[in-house]
Amino acid sequence: MSYKNENLYDAIIIGAGPAGMTAALYLARARYRVLVIEKERIGGQIAITAEVVNYPGILTISGAELMQTMRKQALAFGAEFINAKALALTLDGSIKEVQTDSGTFHAFGVLLATGARPRKLGFKGEDEFQGHGVAYCATCDGEFFTGMDVFVIGGGYAAAEEAIFLTAYARKVIVVMRGADFSCAKSIADAVKQHANIDIHYHTVIEEVSGDTVLRSARFRNIKTDEVWEYAPNMTSSDACDATNGFDGDDVCDATNGIDGDDVCSVSGNLASDDVCSALGSANIESSKPLNDSAVTTFGVFVFAGYTPATELLEGLVNLNEQGYVVVDANHKTSVDGIYAAGDVCAKRLRQVVTATADGAIAAGELEHYAQTQRDLLGIVPKFTEKPTAAALDSAAKASDKAADDKFFSTEIRSQLDTIFSRMESSLELRLSLDERQVSKELKAFADELASLTNKLFVSVDFAAKDASAEQLQDLPVLRIFKDDSDTGFAFHGVPGGHEFNSFALGMYNISGPGQKLDDDLRQRIAAICEPITIRVLVSLSCTMCPDAVVAAGHIAALNPLVRTEIYDIAHFSALREQYQVMSVPCIVVLRQNLTACAGAVIDTEGANTNESISFGRRDISQLLDLLEAQA
């Protein structure tokens, strides 16, 4: 195996959650060269947690703030970070190889801290209505359900915490769990039970959701009594019975129930005529009271029913248990020498921030010993880069940030941008089209400040609202990236902040060149696209699952001139939200004209019919290409 010394590390950590960040901090502090590879957000699942109250020594802190502090600590001790997706591992030999979409790296040891992702339940309609009412991230999608009823499926820590979070948006939150009680800490469970805006159904499962473009009804079953009940947001108290019988208020119960027409049917029975069967299974509701605002005709279902370990990289390489979690010993070593695992990717009973950090610290200690053994055996010492102390780094950052008040880019972000700018091969034009709204002023200020940081970017204004057609106005404001005075097909509608800033920066890098590395198979698949395609990605700046889709769509557009990628911050484009009935992000809309352009054929798109397809959820570049190819 050949490698360059600049790409050789004592340890490579894949995943920048609490476990990976702790291991990076410990290894770097011990003066071992360590690289952290993260394809998404810094912090993993905990980064989207609004409030952490059980981390020792800290009364309360947001998950994002806690993880950014850990990252600063690791950076201050000399850890290196790269935003990239790990594609494959080669674990034989004394030096391990990690292939990523941003290059290949080598190390004596590797730590897998890739965590886990939300698990689907498989109830009828779950896949069909994902993005149209079924969701998996309250932080990403909670605002779409303002004023509606929301069901939370699950009884663990995530379900309890997200139920409370969703009360900020929902008319009512209804927790549905299979068990007899919550499986999380009593304090958070009690907070849910005592919340005035939360109802709880124990021993209950969701069986089906149905509707048209959005959810209209859901069916539930009590697994102890076998009682089945149905919810619909426009059910009122004049509707009588449950989904099993299907009677409305004018129906009379059949003779098998032994109730006359003045009574109300209920699965549980024994109700007097002035009682009401509610879709939520409650009987004590006045007969004239609606179950919901009649103007609200849909609702939400948030699934928090456990996680699936992200172990794709390790399949066939190390021992996994039946559930797919990595099997490790007491020192977090896997079945392969030099390969360790920590955090939620491991088989373990308690999955908390504190156990993840403990895992990372233990694994780091073992990696120190392993790396030193390999140094002595091979006579190779990876070059450690000296870094300023944490105090010096914090002091410099505060001074710089104070001088940059009211600016878009902090000291840390500017440092990351400097790395990207230094590698960009071509200059790019940020061409703006603006209207009179405040968001246009913010976009102009954003672009001007970004361009001021480098000579690789310059800003122009294509047209303002007074020059725009009615059709153009619907898409404003927009930033389009031009290269050599040609439209590259990549555009952002709104201001690329929040979680989308990194994906926008990678979009510039991929367009300018050399771009993120892709294997030959992916490049061939992109080149094989022979028809004009527009990929619209509708995002929220708070969404942690959107950046993957944005980077993937932008990279495809950068490599194939027939593909356009249009990113919309849905907060500013309500018409698109209504058009596609978006209740979850990312929403990926593919518009194709089914016109061949292969073999140099000249095509005329005027008057061509456009086919449109919609999907929801995180997509990397391979998954997005799967989607495009399946629809071809």
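Residues numbered from 1 in each chain as written. Predicted model: local features only at pLDDT ≥ 70, side-chain atom pairs only at ≥ 80, totals over all residues. Heavy atoms only, no water.

Trainee: For the overall build of the chain, give the residues involved together with the corresponding values.
Mentor: A tally of helices and strands in the chain yields 15 helices and 25 strands. Partitioning the contacts of the chain with sequence separation of at least 6, the portion at a separation of at least 24 is 68%. For the chain, the exposed area adds up to about 28,100 Å²; of that, 48% sits on carbon and sulfur atoms. (Helix = DSSP H or I, 4+ residues; strand = E, 2+ residues; numbered from the N terminus. Contact = heavy atoms within 4.5 Å. Areas by Shrake-Rupley, 256 points an atom, 1.4 Å probe, with all protein chains shown as cover.)

Trainee: Give me the sheet that holds strand S14 (residues 228–231): which residues, what numbers.
Mentor: Across the sheet, which stays open at both edges, the three strands sit in the order S12-S13-S14 with antiparallel pairing between neighbours. Of all the strands in the sheet, the pair left with one neighbour each is strand S12 (204–211) and S14. For this sheet the average axis-to-axis angle between neighbouring strands, irrespective of direction, equals 20°. Sheet topology places S12 next to strand S13 (residues 215–222); seven bridges connect them, and they run antiparallel. Each residue of the ladder has a partner; that of valine 209, found in S13, is alanine 218. (Pairing = 2+ DSSP bridges. Axes fitted to C-alpha atoms, helices over the stretch in contact; angles between N-to-C directions.)

Trainee: Outline the side chain of glutamine 516, listing residues and values.
Mentor: Within the element layout of this structure, glutamine 516 appears in the loop between helix H11 (500–512) and helix H12 (520–527). Assessed through its relative accessible area of 5%, glutamine 516 is described here as buried. Beyond its immediate stretch of four places on either side in the chain, glutamine 516 contacts Asn83, Asp101, Ser102, Leu506, Tyr509, Asn510, Arg523, Val551 and His555. (Buried < 20%, exposed > 50% of the residue type's maximum accessible area, 1.4 Å probe, protein only.)

Trainee: Describe the confidence of the model for the chain, listing the residues and the values that go with them.
Mentor: With 80% of its residues at a pLDDT of at least 70, the chain reaches an overall mean of 82. Mean pLDDT across the elements of the chain bottoms out in helix H7 (residues 390–403) (47) and peaks in strand S10 (residues 172–176) (97). Low pLDDT, under 50, characterises residues 236–294; the predicted model gives this stretch 89 contacts beyond four residues in sequence or across chains. This stretch, residues 396–406, has a pLDDT under 50; its non-local contacts, to residues over four places away or in other chains, come to five contacts. (pLDDT = per-residue confidence, 0-100.)

Trainee: Got a sec to walk through helix H1 (residues 18–29)? Specific residues and values, please.
Mentor: Helix length check: H1 (twelve residues) gives 16 Å between terminal C-alpha atoms against 16 Å at 1.5 Å per residue, within 8%. The buried count for H1 comes to ten of twelve residues, which makes it a mostly enclosed element. Those residues of H1 not exposed but buried are Pro18, Ala19, Gly20, Met21, Thr22, Ala23, Ala24, Leu25, Leu27 and Ala28. Residues of H1 that are buried in the fold lie against strand S1 (8–14), strand S2 (34–38), helix H2 (63–77), strand S3 (80–83), strand S6 (103–112) and helix H6 (353–378). Residue arginine 31 follows H1 closely and has a positive phi angle near 70°. (Expected span 1.5 Å × (residues − 1).)

Trainee: Break down the side chain of threonine 311 for me, with residues and values.
Mentor: As for its position among the elements, threonine 311 is in the loop between strand S16 (307–309) and strand S17 (339–341). Residue threonine 311 is classed as buried on the basis of its relative accessible area, which comes to 5%. In this structure, threonine 311 is in contact with Leu320, Gly324, Val326 and Val345, ignoring residues within four places of it in sequence.

Trainee: Before we move on, can you summarise the pairing of S6 with the specific residues and values?
Mentor: Most of S6 is tucked away, with nine of its ten residues classed as buried. Where S1 meets S6, six bridges bridge the pair, whose relative direction is parallel. Within S6, the position partnered with isoleucine 13 by the bridge is leucine 111. Of the strand pairs in this sheet, strand S5 (residues 96–100) and S6 are connected by five bridges, and their pairing is antiparallel. Looking at the pairing, valine 98 lines up with phenylalanine 105 of S6. Connecting the antiparallel pair S5 and S6 is a turn made up of two residues.

Trainee: Which residues make up the pairing of strand S9 (residues 149–153), and what values do they have?
Mentor: In terms of burial, S9 is largely enclosed, as five of its five residues are buried. The side-chain alternation of S9 yields two buried faces, one formed by Asp149, Phe151 and Ile153 and the other by Val150 and Val152. Where S9 and S10 come together, five bridges link them in parallel fashion. Looking at S10, one finds that isoleucine 153 is bridged to valine 176. This β-α-β element, S9 to helix H4 (residues 157–166) to S10, shows right-handed connectivity. Strand direction decides the pairing type here: S9 and strand S15 (residues 300–303), joined by four bridges, are parallel. Its bridge partner being in S15, isoleucine 153 is matched across the sheet by valine 303. (Right-handed = clockwise from strand over helix to strand, strands pointing away.)

Trainee: Outline H11, supporting the account with residue identities and numerical values.
Mentor: Its 13 residues place the ends of H11 18 Å apart at the C-alpha level, agreeing with the 18 Å of an ideal helix rising 1.5 Å per residue. With twelve of 13 residues buried, H11 is to be regarded as a mostly interior element. Those residues of H11 that sit buried are Glu500, Phe501, Ser503, Phe504, Ala505, Leu506, Gly507, Met508, Tyr509, Asn510, Ile511 and Ser512. Directly after H11, the chain includes glycine 513, whose backbone phi takes a positive value near 90°.

Trainee: Give me the packing of H12 against helix H15 (residues 621–630): which residues, what numbers.
Mentor: How two helices sit against one another is set out by the angle between their axes and by the gap between those axes. Direction vectors running N to C along H12 and H15 enclose 35°, while the axes themselves pass 11 Å from each other. The two elements H12 and H15 cross, and the hand of that crossing is left-handed. Across the interface between the two elements, Leu522, Arg525 and Ile526 from H12 touch Ile621, Ser622, Leu625, Asp626 and Glu629 from H15. For the contact of H12 with H15, the per-class residue count stands at four nonpolar, one polar and three charged. (Left-handed = near helix turned anticlockwise from the far one by under 90°. Nonpolar A, V, L, I, M, F, W, Y, C, P; charged D, E, K, R; others polar.)

Trainee: Could you give me a rundown of the packing of aromatic side chains, with the residues and numbers involved?
Mentor: The description of two aromatic rings rests on the distance between their centres and on the angle between their planes. Across all of its chains, the model carries twelve aromatic pairs by this definition. Relative to phenylalanine 504, the ring of phenylalanine 490 lies with its centre 6.4 Å away and its plane at 40°, an arrangement referred to as tilted. Of this pair, phenylalanine 490 sits in strand S21 (residues 486–493) while phenylalanine 504 sits in helix H11, placing them 14 residues apart in sequence. With respect to burial, phenylalanine 490 and phenylalanine 504 carry one shared label: buried. With centroids separated by 5.2 Å and ring planes inclined at 85°, the aromatic side chains of tyrosine 568 and phenylalanine 573 adopt a geometry described as edge-to-face. In this structure, arginine 71 packs its charged tip against the face of phenylalanine 81, placed 4.8 Å from the ring centre. One residue, arginine 431, lies across the ring of phenylalanine 482, its end atom 3.6 Å from the ring centre. (Phe/Tyr/Trp six-rings, centres within 6.5 Å; stacked < 30°, edge-to-face > 60°. Lys NZ or Arg CZ within 6 Å of the ring centre and 35° of its normal.)

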